[in-house]
Amino acid sequence: MTANRSFADLVAEGAAAPTDGWDFSWFEGRATEARPSWGYARSAGERLAGARAALDVQTGGGEVLDFALGTAGPDRPDAVAATEGWPPNVARATALLRPRGVVVVAAADDAPLPFADAAFDLVLSRHPVRPYWDEIARVLRPGGTYFAQHVGPASVFELVEYFLGPQPEEVRSARDPERERAGAEAAGLVVAGLRAERLRMEFHDVAAVVHFLRKVVWMVPGFTVEAYEPRLRALHERIGKQGPFVAHSTRHLFDVRKPDS
């Protein structure tokens with residue numbers, strides 16, 4: 001689809017694409033990512049079907065929660081809330097989730113959760129910046145569950161290191177699932193299940209790379225087309241000669257319980 005298009009046209013297209021929300025349909029035909037075998041959104045819907053009050057932390061544009069609630073059907077909880085820290089996503093999530101009766105609360109990712117103790121029997125999160133285990137434990141009712149998909153260590157680092165060069169070990173090992181397990185246990189939670197997978201990604205043109213780095217801003221902090229134009233041009237030529245740029249994402253699934261007492 002993009003094989004004969006110029007570097008300038010592709011970069012301009014990637015730079016113009018809107019970045020709000022977590023809908024990745026724009027990438028169809030120009031980038032792919034294998035999905036974890038556990039099917040997080042579907043599984044979250046199954047958990048919602050058995051809950052009374054649920055919270056989705058860092059909901060993004062609300063797309064995953066919206067799908068999960070649709071999966072849960074009429075057995076969904078009576079009370080559902082979501083938090084989000086980025087203003088454009090707060091507006092997007094509110095518009096999407098209001099018809100489902102979800103209350104979306106603007107809350108910074110690193111702030112305490114704006115809810116009472118023991119308010120929820122289910123807390124969900126897909127790709128939180130980091131899990132604040134003490135806060136998760138506080139808002140969960142005894143016997144409640146935290147069910148979440150986290151980004152793992154060195155995720156998409158083939159692309160990160162293409163632009164930034166080799167990263168130190170402390171950066172590569174951040175988001176280690178065993179460290180996160182230890183954090184959950186230190187907060188008094190019980191890790192009932194922890195699964196991890198490494199998944200293939202392919203970027204078929206430089207527009208996909210530009211849009212990805214604009215959307216997932218923590219990958220290459222401060223990324224702009226102007227700052228990285230030589231590396232982008234070299235990548236465009238590499239894809240033209242060698243085919244898609246291949247990277248690997250890492251994901252892990254937490255199933256965590258708060259003890260009954």
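Every chain's residues receive numbers from 1 upward, in the order its sequence appears when written. It should be noted that, the model being predicted, local features are given only for residues of pLDDT at least 70 and side-chain atom pairs only at 80 or more, the latter also being counted only at that level, while totals for whole chains, interfaces and linings use all residues. Side-chain measures were taken over the full set of non-hydrogen atoms in the model, leaving aside hydrogen atoms and water.

A. Structural context of unusual backbone geometry. You will see that alanine 154, though not glycine, has its phi angle at about 50°, which is positive. The way it works is that DSSP assigns letters per residue, a run of H or I at least four long becomes a helix, a run of E at least two long becomes a strand, and they are numbered from the N terminus. With respect to the helices and strands, the residue alanine 154 is situated in the loop between strand E6 (140-151) and helix H6 (157-164).

B. Representation of the sheet that holds strand E5 (residues 120-126). A sheet is described by the order of its strands in space; here eight strands give the open sequence E1-E7-E8-E6-E5-E2-E3-E4, paired in mixed fashion. Here the strands that pair on one side only, and so sit at the sheet edges, are strand E1 (31-33) and strand E4 (103-106). Neighbour to neighbour, the strand axes of the sheet diverge by 15° on average, direction disregarded. Between any two strands, pairing holds if DSSP finds at least two bridges. Pairing of E6 with strand E8 (residues 245-257) involves seven bridges; the strand directions are antiparallel. Under this scheme, a helix contributes an axis fitted over its contacting stretch, all axes are lines through C-alpha atoms, and angles between N-to-C directions fall in the 0 to 180 degree range.

C. Representation of the nonpolar core in the model. The biggest cluster of nonpolar side chains holds 31 residues, and the ones touching the most others in it are Leu159, Phe163, Phe203, Phe212, Leu213 and Leu232. Broken down by secondary-structure element, the contributors of at least two residues to this core are helix H1 (7-16), H6, strand E7 (190-203), helix H9 (206-215), helix H10 (229-242) and E8. Counting residues per element, this core draws most heavily on H9, which supplies seven residues. The contact definition used throughout considers only heavy atoms, calling two residues in contact when any of these lie within 4.5 Å. Once you skip the residues sitting within four places of it in the chain, leucine 232 turns out to touch Phe7, Phe163, Val206, Val209, Val210, Phe223 and Val225. Note on terminology: a nonpolar core comprises buried Ala, Val, Leu, Ile, Met, Phe, Trp, Tyr and Cys residues joined through side-chain atoms within 4.5 Å. The classification of residues rests on relative accessible area computed with a 1.4 Å probe and restricted to protein chains. Under 20% of the type maximum is buried, over 50% is exposed, and intermediate values are partly exposed.

D. Broad picture of the pattern of salt bridges. Take a side-chain nitrogen of Lys or Arg and a carboxyl oxygen of Asp or Glu: if they are within 4 Å of each other, that pair is a salt bridge. By the definition in use, this model includes 18 salt bridges. When the shortest N-O distance is used, the salt bridge between arginine 172 and glutamate 161 registers 2.8 Å. Residue arginine 172 is found in helix H7 (residues 169-172), and its partner glutamate 161 is found in helix H6; the two are separated by eleven residues along the sequence. Residue glutamate 161 is classed as partly exposed on the basis of its relative accessible area of 24%. Taken together, the shared-partner salt bridges connect Arg5, Glu13, Arg30 and Asp205 into one network.

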